[in-house]
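So you can see what is in the structure, the chains are spelled out below.
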Amino acid sequence: MPVDANNQREFKLLMERAGLQQVKLARLLGVYDITVNRWCSDRSDAVDPPFYAVNFLRMYLMLPEAARARLPEKVPEKIKNRAKADNPV
């Protein structure tokens, strides 16, 4: 499925304007950082950024800085489980 260049361009511009790195955005959305990377890349396996991600960035930019700082981050379960396996108590 071809990537819509306008959607991808808007997504990248919104991310840049928000000052978010891919890892931070991934945690705010609760997805893998590799997923966000595929939304941003110019590779052959790139995919269109989903509508919810673009709208999230639009709303994120409308929030005051204090509200942005309080947004919860979610790390996907597989990453949590991997971290637990790497660091047994």
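Look up a bit, the structure's there.
Residues numbered from 1 in each chain as written. Predicted model: local features only at pLDDT ≥ 70, side-chain atom pairs only at ≥ 80, totals over all residues. Heavy atoms only, no water.

Draft legend 1. Looking closely at the overall build of the protein chain. Helix and strand counts for the protein chain stand at 6 helices and 0 strands. Along its sequence from the N terminus, the protein chain presents helices and strands in the succession α-α-α-α-α-α. Here the protein chain holds 89 residues, and the buried ones make up 28% of them. Put simply, the protein chain shows about 6400 Å² of open surface, and 55% of that area lies on carbon and sulfur atoms. (Helix = DSSP H or I, 4+ residues; strand = E, 2+ residues; numbered from the N terminus. Buried < 20%, exposed > 50% of the residue type's maximum accessible area, 1.4 Å probe, protein only. Areas by Shrake-Rupley, 256 points an atom, 1.4 Å probe, with all protein chains shown as cover.)

Draft legend 2. Structural detail: the environment of Ala-46. Considering the arrangement of structural elements, one finds Ala-46 in the loop between α3 (33–40) and α4 (51–62). For the pair Ala-46 and Val-36, spaced 10 residues apart in sequence, the C-alpha to C-alpha distance is 9.9 Å. Aside from chain neighbours lying at most four places away, what touches Ala-46 is Val-3, Gln-8, Arg-38 and Ser-41. (Contact = heavy atoms within 4.5 Å.)

Draft legend 3. A look at the nonpolar core. Counting residues in each nonpolar core, the largest one holds 18 residues, and the members touching the most others are Phe-11, Leu-25 and Val-36. Those elements that place two or more of their residues in this core are α1 (5–18), α2 (22–29), α3 and α4. Considering each element in turn, this core owes the most residues, 5 residues, to α4. Aside from chain neighbours lying at most four places away, what touches Val-36 is Phe-11, Met-15, Gln-22, Leu-25, Ala-26 and Val-31. (Core = buried A, V, L, I, M, F, W, Y, C linked by side-chain atoms within 4.5 Å.)

Draft legend 4. Expanded view of the environment of Asn-37. Secondary-structure assignment places Asn-37 in helix α3. Separated by 10 residues in the primary sequence, Asn-37 and Val-47 have C-alpha atoms spaced 9.5 Å apart. Excluding residues within four positions of it along the chain, Asn-37 makes contact with Gln-22 and Arg-43.

Draft legend 5. Fine view of the packing of α2 against α3. Axis separation between α2 and α3 bottoms out at 8 Å; the angle between their running directions is 115 degrees. The way α2 lies across α3 gives a crossing that is right-handed. Counted together, Gln-22, Val-23, Leu-25, Ala-26 and Leu-29 of α2 and Asp-33, Val-36, Asn-37, Trp-39 and Cys-40 of α3 form the full contact between these two elements. When its residues are assigned to classes, the contact of α2 with α3 shows 7 nonpolar, 2 polar and 1 charged. (Axes fitted to C-alpha atoms, helices over the stretch in contact; angles between N-to-C directions. Left-handed = near helix turned anticlockwise from the far one by under 90°. Nonpolar A, V, L, I, M, F, W, Y, C, P; charged D, E, K, R; others polar.)

Draft legend 6. Spotlight on the pattern of salt bridges. If you walk through the whole model with that rule in mind, you get 4 salt bridges. Between Glu-10 and Arg-58 there is a salt bridge; the shortest N-O distance is 2.7 Å. Of this pair, Glu-10 sits in helix α1 while Arg-58 sits in helix α4; the two residues are 48 residues apart in sequence, bridging distant segments of the chain. According to the relative accessible area criterion, Arg-58 is partly exposed, its value standing at 31%. Two residues, Glu-65 and Arg-68, come together in a salt bridge whose shortest N-O distance is 3.6 Å. Of this pair, Glu-65 and Arg-68 both sit in helix α5 (residues 65–69), separated by 3 residues, roughly a single helical turn. For Glu-65, a relative accessible area of 58% translates into the label exposed. Classification of Arg-68 by relative accessible area gives buried; the value is 15%. (Salt bridge = Lys/Arg side-chain N within 4 Å of Asp/Glu carboxyl O.)

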